[in-house]
Amino acid sequence: MKAAYVEGPGELSTIKLGELPEPVPGPGEVRVAMRAAGLGPWDAKAIQGRFGELANPYIIGFEFAGVVDQLGEGVSDVAVGDEVFGTDWKAGSCAELRVAARGTFANKPSKFTFEEAAALVVGGTTALEGLVEKLAVGPGDTVLITGASGGVGTIAVQIAHDAGARVIGLSSATNMDYLRALGADVVLDYDDKDWPDEVRRDYPDGVDKVFDAAGGETLARAFEVLKPGGHAVGIVYGMEAPEGVRFERFSAGSGTERLDQLARMADEGRLRVELEAQLPLDQVREALERVAAGHTRGKVVLTV
């Protein structure tokens with residue numbers, strides 16, 4: 001099968017595209033004939049070895065959407081031909097075939113293309129975990145979402161809006177109208193050094209909750225507008241909260257239950273995804289360079 005891989009930790013320039021043996025599903029696994037693979041900054045970091053030791057070869061890509069074509073021993077609740085989407089943190093999505101464990105995928109949203117489904121996986125499950133499970137965002141809440149126009153942020157804006165919260169989105173000036181169309185009530189330009197003053201003017205007591213997908217200086221300033229007793233969560237490592245601020249950093253989790261919830265929301269018209277680019281598998285380096293550079297609007301997806 002054709003696959004994009006590296007033979008050890010390295011930079012994007014070390015990515016190879018070639019033929020590798022077809023995987024065989026083990027007990028409790030299925031094999032997926034790939035249709036699309038979502039990419040994120042985590043893929044570039046994984047290639048560098050920042051998430052631990054790499055297999056040799058290490059096939060790039062965590063997020064996937066495709067069609068089940070083989071079942072492993074003991075799998076009885078999935079059928080060959082099922083259209084699925086998900087993520088298995090063993091990677092392997094930038095290939096014509098990949099293996100995934102039961103519990104790491106769900107039936108694809110029927111109204112989404114494979115590319116749209118692959119784009120929903122990490123952003124969607126991360127937003128659900130952070131906003132619904134950790135922050136318990138609901139009607140009456142005011143939530144500030146940083147990095148609001150990225151792959152995670154765009155889904156977070158929609159989920160917070162769907163939950164009945166008042167949403168403040170922080171993005172570049174070029175994405176303001178886009179975020180309003182997704183449901184943001186207020187959109188602020190993170191390049192404007194006075195954006196915290198604008199928040200404090202409208203919310204002198206501070207915002208109830210912060211969902212951070214940006215980190216760094218942006219997160220530091222978001223802490224300034226969080227009301228006393230407020231709650232913040234974030235997915236970018238490196239910034240510590242000031243004393244007295246309730247802040248929880250977490251890593252994206254997936255699982256069939258969260259994916260099923262996202263699929264229902266998508267099919268009910270409550271979620272959509274923005275595809276920054278759809279590129280063929282043989283342009284995997286170019287795709288990852290775009291992702292690693294940041295400032296994408298929505299998601300970069302490879303069509304397999």
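Right above here is the structure, for reference.
These numbers come from a predicted model, not from an experiment.

## Looking at the packing of aromatic side chains
Moving on, step 1. Enumeration over the complete set of coordinates arrives at 1 aromatic pair.
Moving on, step 2. Here the guanidinium or amino end of K108 rests over the ring plane of F114, the centre of that ring lying 5.1 Å away.
Moving on, step 3. Looking at R249, its charged tip hangs above the ring of Y237, at a distance of 5.1 Å from the centre.

## A few points about the side chain of T126
Moving on, step 1. Within the secondary structure, T126 is located in helix α2 (residues 114-134).
Moving on, step 2. With sequence-adjacent residues up to four places away left out, T126 is seen in contact with V152, F211, I235, F250 and A252.

## Comments concerning the sheet that holds strand β4 (residues 58-59)
Moving on, step 1. Spatially, the 3 strands line up as an open sheet ordered β2-β1-β4, and their pairing is antiparallel. Strands with a single pairing partner mark the edges of an open sheet, and in this sheet they are β2 (16-19) and β4.
Moving on, step 2. Relative to β4, strand β1 (residues 2-6) runs antiparallel, the two being bridged by 2 bridges. Across the sheet, the residue bridging to Y5 is I59, located in β4.

## Observations concerning the pattern of salt bridges
Moving on, step 1. This model, assessed by the stated rule, comprises 24 salt bridges.
Moving on, step 2. For the salt bridge of R102 with D77, the shortest nitrogen-to-oxygen distance reads 3.1 Å. Here R102, found in the loop between β7 (97-101) and β8 (105-107), pairs with D77, found in the loop between β5 (63-71) and β6 (83-87); they are 25 residues apart in sequence, far enough to count as distant.
Moving on, step 3. Its relative accessible area of 53% is what places D77 among the exposed residues.
Moving on, step 4. Of the charged contacts, one joins R180 and D177 as a salt bridge, the two residues approaching to 2.8 Å between their closest N and O atoms. Separated by 3 residues within a single helix, R180 and D177 lie in helix α4 (residues 176-182), roughly one turn from each other.
Moving on, step 5. By sharing partners, the salt bridges in this structure join E129, E133, K134, E248 and R258 into a single network.

## Structural notes on the sheet that holds strand β9 (residues 142-145)
Moving on, step 1. With respect to topology, 6 strands assemble into an open sheet ordered β11-β10-β9-β12-β13-β14, the strand pairing being parallel. Since the sheet does not close on itself, it has two edges, and those belong to β11 (186-189) and β14 (246-249), each with one partner. Strand-to-strand, the axes of this sheet are offset by a mean angle of 15°, without reference to chain direction.
Moving on, step 2. Pairing geometry for strand β13 (residues 226-234) and β14, over 4 bridges, is parallel. Residue pairing in the sheet places H231 in a bridge with R246 of β14.
Moving on, step 3. Against the sheet, α2 makes contact with β9, β12 (207-212), β13 and β14, and its axis sits at roughly 155° relative to β12, the strand it touches most.

## A short note on helix α6 (residues 216-224)
Moving on, step 1. Residues of α6 that are buried: L219, A222 and F223. All buried residues of α6 lie within an arc of 105° about the axis, which places them on one face of the element.
Moving on, step 2. Elements in contact with the buried residues of α6: β9, α5 (195-202), β12, β13 and β14.

## Remarks on the packing of α2 against helix α3 (residues 153-162)
Moving on, step 1. Where α2 meets α3, the axes come as close as 8 Å, and the angle between the chain directions of the two elements is 45°. Our classification of the angle between α2 and α3 gives oblique. Of the two possible hands of crossing, α2 and α3 adopt the one that is right-handed. Contact residues: α2 offers L120, G123, G124, A127, L128, L131 and V132, while α3 offers I155, A156, I159 and A160.
Moving on, step 2. Considering only residue class, the contact of α2 with α3 consists of 9 nonpolar, 2 polar and no charged.

## Quick word on the packing of α2 against helix α7 (residues 256-267)
Moving on, step 1. Running from N to C, α2 and α7 point in directions that differ by 100°, and their axes come no closer than 10 Å. For the element pair α2 / α7, the angle class is roughly perpendicular. Across the interface between the two elements, L120, V121, G124, T125, L128, E129 and E133 of α2 pack against R258, L259, Q261 and L262 of α7.
Moving on, step 2. Tallied by class, residues from the contact of α2 with α7 come to 5 nonpolar, 3 polar and 3 charged.

## Topic: unusual backbone geometry
Moving on, step 1. Following N56, the chain continues into P57 via a peptide bond in cis, with omega recorded as 5°.
Moving on, step 2. Inspection of the secondary structure puts P57 in the loop between α1 (41-47) and β4.
Moving on, step 3. The backbone phi angle of A91 is positive, close to 65°, even though this residue is not glycine.
Moving on, step 4. What makes A91 buried here is its relative accessible area of 8%.
Moving on, step 5. Notably, A136 is not glycine yet its phi reads approximately 50°, a positive angle.
Moving on, step 6. Along the chain, A136 falls in the loop between α2 and β9.
Moving on, step 7. Take A136: its relative accessible area is 48%, and that puts it in the partly exposed class.

Rules behind the numbers
- In every chain, residue numbers begin from 1 and rise along the written sequence.
- In view of the model being predicted, local features appear only for residues whose pLDDT reaches at least 70, and side-chain atom pairs are presented and counted only at 80 or more, with totals across whole chains, interfaces and linings using the full set of residues.
- Only heavy atoms go into the side-chain values, all of them from the structure, while hydrogens and water stay out.
- Aromatic pairing here means that ring centres of Phe, Tyr or Trp (its six-membered ring) are within 6.5 Å. Orientation follows from the plane angle: under 30 degrees is stacked, over 60 is edge-to-face, and everything else is tilted.
- Charges are assigned to positions over rings by a cutoff of 6 Å between ring centre and Lys NZ or Arg CZ, combined with an angular limit of 35 degrees from the ring normal.
- Only DSSP runs of H or I reaching four residues or more are called helices, and only runs of E reaching two or more are called strands; each is numbered from the N terminus.
- Contact between two residues is taken to exist if any of their heavy atoms lie within 4.5 Å; hydrogens are not considered.
- Strands are treated as partners if at least two bridges between them are detected by DSSP.
- Take a side-chain nitrogen of Lys or Arg and a carboxyl oxygen of Asp or Glu: if they are within 4 Å of each other, that pair is a salt bridge.
- Buried, partly exposed and exposed residues are distinguished by accessible area as a fraction of the type maximum, computed with a 1.4 Å probe on protein chains only: under 20%, between the cut-offs, and over 50%, respectively.
- To get an axis, a line is fitted to the C-alpha atoms, and for a helix only the part in contact is used. The angle between two axes follows their N-to-C directions and goes from 0 to 180 degrees.
- Arc, as used here, means the arc of the directions from the helix axis to the C-beta atoms.
- Our angle categories are set so that under 35 degrees counts as roughly parallel, over 145 as roughly antiparallel, 65 to 115 as roughly perpendicular, and the remainder as oblique.
- For a crossing to be left-handed, the near helix must be turned anticlockwise from the far one by less than a right angle; the clockwise case is right-handed.
- Gly counts as polar in this scheme, as do all residues outside two lists: the nonpolar Ala, Val, Leu, Ile, Met, Phe, Trp, Tyr, Cys and Pro, and the charged Asp, Glu, Lys and Arg.

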